[in-house]
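Breakdown of the fold
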Protein chains: 4
Amino acid sequence: MDTKVIKAGVIGATGYTGAELVRILSAHPNVRLAGLTTQSYGGIPFWEVYPHLYRHVDMICRELDLEELAEKCDVIFTALPHGHSMPVAAEVVRRGKRLVDLGADFRFNDAATYERWYGVDHSEPGLNGRAVYGLPEIRREEIRGAEIVANPGCYPTSAILGIAPLLKNGLVDNRSIVIDSKSGVSGAGRGLSLTTHYCEVNESIKAYNVGKHRHTPEIEQELSALAGESLVVSFTPHLTPMSRGILSTIYAGLKESLGRDEVAALYREFYSASRFVRILPPGMLPSTKSVCGSNHCDIGLVVDDRTGRVVVLAAIDNLIKGASGQAVQNMNVMFGLPEETGLDRPGFYP
Amino acid sequence: MDTKVIKAGVIGATGYTGAELVRILSAHPNVRLAGLTTQSYGGIPFWEVYPHLYRHVDMICRELDLEELAEKCDVIFTALPHGHSMPVAAEVVRRGKRLVDLGADFRFNDAATYERWYGVDHSEPGLNGRAVYGLPEIRREEIRGAEIVANPGCYPTSAILGIAPLLKNGLVDNRSIVIDSKSGVSGAGRGLSLTTHYCEVNESIKAYNVGKHRHTPEIEQELSALAGESLVVSFTPHLTPMSRGILSTIYAGLKESLGRDEVAALYREFYSASRFVRILPPGMLPSTKSVCGSNHCDIGLVVDDRTGRVVVLAAIDNLIKGASGQAVQNMNVMFGLPEETGLDRPGFYP
Amino acid sequence: MDTKVIKAGVIGATGYTGAELVRILSAHPNVRLAGLTTQSYGGIPFWEVYPHLYRHVDMICRELDLEELAEKCDVIFTALPHGHSMPVAAEVVRRGKRLVDLGADFRFNDAATYERWYGVDHSEPGLNGRAVYGLPEIRREEIRGAEIVANPGCYPTSAILGIAPLLKNGLVDNRSIVIDSKSGVSGAGRGLSLTTHYCEVNESIKAYNVGKHRHTPEIEQELSALAGESLVVSFTPHLTPMSRGILSTIYAGLKESLGRDEVAALYREFYSASRFVRILPPGMLPSTKSVCGSNHCDIGLVVDDRTGRVVVLAAIDNLIKGASGQAVQNMNVMFGLPEETGLDRPGFYP
Amino acid sequence: MDTKVIKAGVIGATGYTGAELVRILSAHPNVRLAGLTTQSYGGIPFWEVYPHLYRHVDMICRELDLEELAEKCDVIFTALPHGHSMPVAAEVVRRGKRLVDLGADFRFNDAATYERWYGVDHSEPGLNGRAVYGLPEIRREEIRGAEIVANPGCYPTSAILGIAPLLKNGLVDNRSIVIDSKSGVSGAGRGLSLTTHYCEVNESIKAYNVGKHRHTPEIEQELSALAGESLVVSFTPHLTPMSRGILSTIYAGLKESLGRDEVAALYREFYSASRFVRILPPGMLPSTKSVCGSNHCDIGLVVDDRTGRVVVLAAIDNLIKGASGQAVQNMNVMFGLPEETGLDRPGFYP
């Protein structure tokens, strides 16, 4: 297995998640990068767009020729705006290759949900049913055989991992869930907007898309599946003055009194096969800095007897566990590699 | 009234809230600074400790001689760690002068609550009953005649202002309140700790004191008074990588369906006499940057029909409306000045 | 003089320097804002573009009608990209009104220098001769009577103020001057570019336009005038991860050995009438934070006997002393007001 | 060679450079961590002090028992305040083991220089002569056989690498060198001080120790050796609001007119065997972000014909190439491993 070589292509390589994919894949022992495509930088060396990879990646950015790319790859990663991965998927699957889509196009069991929240038609409803929601800690077995893996959104990754064990065990009031998430700015991508202009973000925190962010139905779909009944949640994303990281603070009412140790034991059990999830010991709470640069999801647990609520803190690096690291983790699962291959380095501090 | 001169002293002038008091008071048209005391910088010009005030404040920091200071002042501001204002208050009141305490010593109606959460005895229970909780938008009339004003904590200011109109009008389920607050680092003061070390804070967000922060009982006391019944809340403070600002995201279940416009109308009515509270129009949400440097509290309102919750966003500058600006606002009320005197400048952007 | 009312208009009000002008002018005791124009936000309340001014400025942004605006104003401020102020100036001067231009169009004695560095023709060479370079600490008398004041660039303000006394007194080798400047990001304006995208700037420092920044000839023109001979300088601007502030570190070889106290005495003498320049005492060095929010220029002085060089550190708030504060200071001089009117508040810290 | 195992100990493991050593060594294919010592955290798991290494490093911090540690290690890294490595070195060398000292104790050929600038006696002058200044790009051959390697300071690494080719080739006026350096805050370590308090650093840039920083003589020693004559430089360090990174902007007068391409060719030749130094192509200038997380030194070159100066921009990650990465690079050289072993991963962006 160590000598297996997977030929990988990245479509949309010059956004932030694309560049993280390139960085991780370029150091992955079982991967050979076979093609990097981009809309804006065709013909330019990748390292001119991302100088941190000078002397590490010597490929040239290419405009997409899908047939050619699919032909020479075993797996394609798409890091594109929503709506753009559906035609790619059709071609990739037709050729018997596999797809990890970092966008939203294949995340919903019900294409109508996708269409309602994203405002576009789903052009490949047939393929949608063959896609698996790619959160390996929850759907590892399904991912193994999947043709299409729909890599989760960054917020949903932290939110679902944060509360899954409680829902799976039926311990909380399913109507009581509040998810208050704080994200670094890289989640908004490299595209220009006033929202991501340095002086507008720096030294400021604000909420946005309150009650209507597109990651809401994705969270609800997966939490409903875990809970065994349809539920809705309050989800509020916030833009925080930092480049990387998401911290989700999750509140839920406990159905019955539970000690912190009991809750922690359930979490450890639930994630016993999931090396990237670290349940912190009592008294330790996660910070985004402690997961920055790694594929970890750190989880801290507090039971508040006064209010009868459990408060879960879940931290990830939005570009790694929240996007490109998770995509590679999915690829590892799909190709039978140890899940942590190429993702085993700790993060940076400070 | 324009020619009234109030002689003011600041005890604990060299912390961040002390320095903000000095800055605001030094430009206040009706105030003459009569004394600045400090534990660590006795004999040193204030501007050597805070060079931004070079040529603006030429006073020398003094070690505290309480009798002398109280004698020459009309009002004393204490910006001290909890437990240190009680003896000061006794002396100030004995001399018929007035006190604005920026600490926690006089914030609780019930001294036992203070003693339980702060772990110290209340040495002046008699005076405690003569103190008023100094949130002018809620207790303006009581503040006017108060001998002692207990200036609110930074988090409680944003939380209470954020949800007061809903509780006063009995519109929400009192057991459903979740307050998720994000603060800049200056709230932790100028004292050294690993928690406020640059490299530990920068590029990181984390929660702390979840379920046990000392501002919790303060919030609950005031919200219970507004609601007319005893209630508890989930309150989670977060340390955010920025110097100034607090954003509180407040969730509460609506008892009955209400439109966003109806809620906003209630807020505008409730704060009609309160110039510093700005209810933002539909579609606008507050950011801490937009209140930075000002005494404003900006409030954004979202009604989420899917979940039946209202989500309130309340932003303040923690050192101004959350501390020193509010203290001066209280002084203005106590001395019969227009409430915005010395506080009428807008903030800075960006 | 206190009752004088100056009617002021701002052309280009919705950029960062425009917004700072509006903030300062709106609180200026002798100014009435008569018109705010903008290319992009016509018809929109100014506070919707800049919510920090909600309830402070209730004017509506207008598209420019130059004749109408000039008619109703005593002074016009232009905060426009280079090349756009020349036609405005012609109309303003024709009507006998006065102009403070925050751009580069009128900064050069020699229009050819402007044309060479900015790559555009100067359409009003006749007016150019009637414009004064608006650094009040250097050209106060000329500014008083000027029809057009060319407000200096942000970097030149710090550089020229930093070294002027040495050149005026002939103490340094005129060919030895190195100016290494570090700027916050707001100097690049509110326009979108990858250079000012949050994630590209945050946690990074870099130089740009080395040896060819357009502020170079402006610095050289003024330093040559002070030195009495034509000189060139090395000027390197750096983009620093902060919103506001410029620090210029200036190196010059001393012609003869001089003590730090002698140098400081010369500086104090040179700036004796200039309240906004603060010469720091020995052992204190300026930081951008200590001038943030104020119109000060803080100067620190070090004489290095080992190398025979003097090192000058000069710090300003780029949007205030480096742009809009200085523009108002110029207006004050032009209209015979005390120079610090409307600019006398200290900055914020932290 | 691939199977070689080096047993390594880190003395002073819980500072920032110590923690970076632990992170890098823990993933180094030829290293087994044999002991981590610390003054403050004895008995505590290393990951409790640095949670990012939870599940990556399971060692317990120990108080130093030098004999025991030296016995079981092949190489010792000391990450201690100056003055503390001399006794360690004596013991390590006595046992025939090897030392990489990240402090200043063995950086100076002339112990008197050390004593003058650091204000302490050198207790091991005999060993001092057996130590090699550990900048592999300059002294690779000497390092191979060294018993003690004195790992360079962070500023000197960027400054010396930045200008070495020019001095070696005799192209610049040796008395004209100005080094203006900007550092992130982690260079000041994890110890508490007002200087590194979040709110004091954030949104501010300032110079410190102008003309007297202790890295000055270290830079001068190495540059003098390269130039073949004793020289002095102006060196000004600045504290920049970011965690990691140093950018040195270096100015030197060219003896004769040279094109940018000629200069670049000399640099490429000089560093042809040095994989970690990247000479950027024309038009590209380094940023600290592009080297963050890597062992690279990126160099940009500008020749300014107007002033006759060359301006060199050199960027490193101060904790990696400026400290712990370079220490591991030195170890690789000392033990005959490929120089990039364990250091070959690219950095992070953004």
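Counting of residues starts from 1 at the beginning of each chain's written sequence and follows it residue by residue. Whichever chain is written first becomes A and whichever ligand is written first becomes 1, with later ones labelled in order. Whole-chain, interface and lining totals are the exception, using all residues; otherwise, since this is a predicted model, local features are given only for residues with pLDDT of at least 70 and side-chain atom pairs are given and counted only at 80 or more. Where side-chain values are given, they derive from all heavy atoms of the structure, hydrogens and water being excluded.

**Observations concerning the interface of chain D and chain A**
Which entries qualify depends on this criterion: By definition in these notes, contact holds between two residues if any of their heavy atoms fall within 4.5 Å. What counts as buried area is the accessible surface, traced by a 1.4 Å probe, that two parts surrender upon association, with contributions from both included. Salt bridge, as applied in this entry: a Lys or Arg side-chain nitrogen positioned within 4 Å of an Asp or Glu carboxyl oxygen.
With 40 residues of chain D at the contact, the number on the chain A side is 40 residues. Buried area between chain D and chain A, both sides added, is near 3,700 Å², and the carbon and sulfur share of it is 57%. Its largest share of buried area at the contact with chain A, chain D owes to R345(D), F348(D) and Y349(D), together 20% of the area lost on that side. Our count for the chain D to chain A interface comes out at 0 salt bridges.

**Looking at the relation of the copies chain B and chain A**
Put simply, the rule reads: Fitting of the copies onto one another was done by least squares over C-alpha atoms, counting residues only where both copies have pLDDT of at least 70.
Each copy superposes on the other: chain B lies on chain A with an RMSD of 0.0 Å after a rotation of 180° and an axial shift of 0.0 Å. Viewed as a symmetry operation, the transformation between the two copies matches a two-fold axis. Among all residues of chain B, the minimum C-alpha distance to the rotation axis is found for P241(B), at 3.2 Å. An overlap of 100% is found between the interface residues of chain B and their copies at the interface of chain A, pointing to a shared contact surface.

**Re the side chain of N318(B)**
Stated precisely, the cut-off is as follows: Helix numbering and strand numbering both begin at the N terminus, where a helix is a DSSP run of H or I of at least 4 residues and a strand a DSSP run of E of at least 2. Here a polar contact means two N or O atoms within 3.5 Å. Within protein one must be a hydrogen donor candidate and the other an acceptor candidate, and residues neighboring in sequence count only if both atoms are side-chain atoms.
In this structure, N318(B) sits in the loop between β13 (309-316) and α12 (320-334). Of note is the side chain of N318(B), whose polar atom sits 2.7 Å from the backbone nitrogen of G245(B).

**What to know about helix α1 (residues 16-26) of chain B**
As a reminder, the rule being used: Only protein chains enter the accessibility calculation, which uses a 1.4 Å probe; a residue is then buried when its area is under 20% of its type maximum, exposed when over 50%, and partly exposed in between.
For α1(B), the tally of buried residues reaches 9 of 11 residues, placing the bulk of the element in the interior. For α1(B), the complete set of buried residues consists of Y16(B), G18(B), A19(B), E20(B), L21(B), V22(B), R23(B), I24(B) and L25(B). Elements that come into contact with the buried residues of α1(B) comprise β1 (6-11), β2 (31-37), α2 (46-49), β3 (75-78) and α12 of chain B together with α9 (198-201) of chain D.

**Focus: the sheet that holds strand β1 (residues 6-11) of chain D**
Within a sheet, neighbouring strands are paired by backbone hydrogen bonds and run either parallel or antiparallel to one another. Residue and element names in this part refer to chain D. Note the cut-off: In short, DSSP must find at least two bridges between two strands for them to pair. Angles shown run from 0 to 180 degrees and are taken between the N-to-C directions of axes, each axis being a line fitted to C-alpha atoms and, for helices, limited to the stretch in contact.
Read across the sheet, 6 strands follow the order β2-β1-β3-β4-β6-β5 without closing on themselves; strand pairing throughout is parallel. At either end of the open sheet lies a strand with only one pairing partner, and these are β2 (31-37) and β5 (131-133). Neighbour-to-neighbour, the strand axes of the sheet open up by a mean angle of 20°, direction not taken into account. Strand direction decides the pairing type here: β5 and strand β6 (residues 148-150), joined by 3 bridges, are parallel. Bridged to A131 within β6 is I148.

**Some points on the sheet that holds strand β13 (residues 309-316) of chain C**
Residues and elements named next belong to chain C. The 7 strands are arranged β8-β9-β7-β10-β13-β12-β11 in an open sheet whose pairing can be described as mixed. The two strands at the open ends of the sheet, each matched to only one other strand, are β8 (206-207) and β11 (277-279). As paired elements, β11 and strand β12 (residues 297-304) share 3 bridges and run parallel to each other. Along β12, the bridge assignment pairs V277 with C297. The sheet contacts of helix α8 (residues 154-168) involve β7 (178-183), β9 (234-239), β10 (246-253), β11, β12 and β13, and relative to β10 the element is tilted by about 35°.

**Some remarks on the interface of chain B and chain A**
Condition: When residues are grouped by polarity, Ala, Val, Leu, Ile, Met, Phe, Trp, Tyr, Cys and Pro land in nonpolar, Asp, Glu, Lys and Arg in charged, and all others, Gly among them, in polar.
Contacts between chain B and chain A engage 48 residues on the former and 48 residues on the latter. Across the chain B/chain A interface, buried area totals approximately 3,700 Å², and carbon plus sulfur atoms make up 54% of it. The three residues of chain B that bury the most area against chain A are E203(B), I205(B) and R306(B), which together make up 17% of that side's buried surface. When the shortest N-O distance is used, the salt bridge between R306(B) and E220(A) registers 2.4 Å. Our enumeration of links across chain B and chain A arrives at 30 residue pairs in polar contact (both at pLDDT 80 or more). Secondary-structure elements contributing two or more residues to the side of chain B that touches chain A are β7 (178-183), α9 (198-201), β8 (206-207), α10 (215-227), β9 (234-239), β10 (246-253), β12 (297-304) and β13 of chain B. Looking at which element gives the most residues to the side of chain B that touches chain A, the answer is β7(B), with 4 residues. Here the residues of the side of chain B that touches chain A are counted per class, giving 22 nonpolar, 14 polar and 12 charged.

**What about the packing of aromatic side chains?**
What counts here: Working definition: rings of Phe, Tyr and Trp (its six-membered ring) pair if their centres are within 6.5 Å, and the pair is stacked with planes under 30 degrees apart, edge-to-face with planes over 60 apart, and tilted otherwise. In this scheme, Lys NZ or Arg CZ marks a charge over a ring once it lies within 6 Å of the ring centre and within 35 degrees of the ring normal.
With the rule as written, the count across this model stands at 40 aromatic pairs over all chains. Geometrically, the ring pair formed by F270(B) and Y271(B) is edge-to-face, given 4.9 Å between the ring centres and 80° between the ring planes. One aromatic cluster in this structure is built from F46(A), Y50(A) and Y349(D). The side chain of K289(A) reaches across the aromatic face of Y349(A), ending 5.7 Å from its centre. For R98(B), the ring lying beneath its charged end belongs to F335(B), and the centroid distance is 5.4 Å.

**Focus on a nonpolar patch on the surface**
The condition that has to hold: In this scheme, patches are assembled from residues that exceed 30% relative accessible area and form no salt bridge. Like charges are connected within 9 Å, while nonpolar side chains (Val, Leu, Ile, Met, Phe, Trp, Tyr) are connected within 5 Å. To measure how exposed things are, a 1.4 Å probe is used in the Shrake-Rupley method; for residues, cover is taken only from the protein chains shown.
On the surface, L192(A), L194(A), L192(C) and L194(C) cluster together into a nonpolar patch covering about 300 Å² of accessible area. You can see L194(C) is positioned in the loop between β7 and α9 (198-201).

**Description of the domain arrangement of chain A**
All names here are of chain A. Put simply, the rule reads: Here the bounds of each domain stem from an automatic or database domain assignment.
Annotation of chain A at the domain level lists domain 1 (6-151 + 321-334) and domain 2 (155-318). The centre of domain 1, based on its C-alpha atoms, is set 25 Å off from the matching centre of domain 2. Listed as interface residues are 25 residues of domain 1 and, on the opposing side, 32 residues of domain 2. Together, the buried faces of domain 1 and domain 2 total about 2,400 Å²; carbon and sulfur atoms form 53% of this surface. For the pair domain 1 and domain 2, the number of links is 3 salt bridges. E222 serves as the salt-bridge partner of R139, at 2.8 Å between the closest nitrogen and oxygen. Breaking the side of domain 1 that touches domain 2 down by element, the ones donating at least two residues are α1 (16-26), α5 (111-118), α7 (136-144) and α12 (320-334). Here the side of domain 1 that touches domain 2 takes 6 residues from α12, the largest share from any one element. Considered class by class, the residues forming the side of domain 1 that touches domain 2 number 11 nonpolar, 8 polar and 6 charged.

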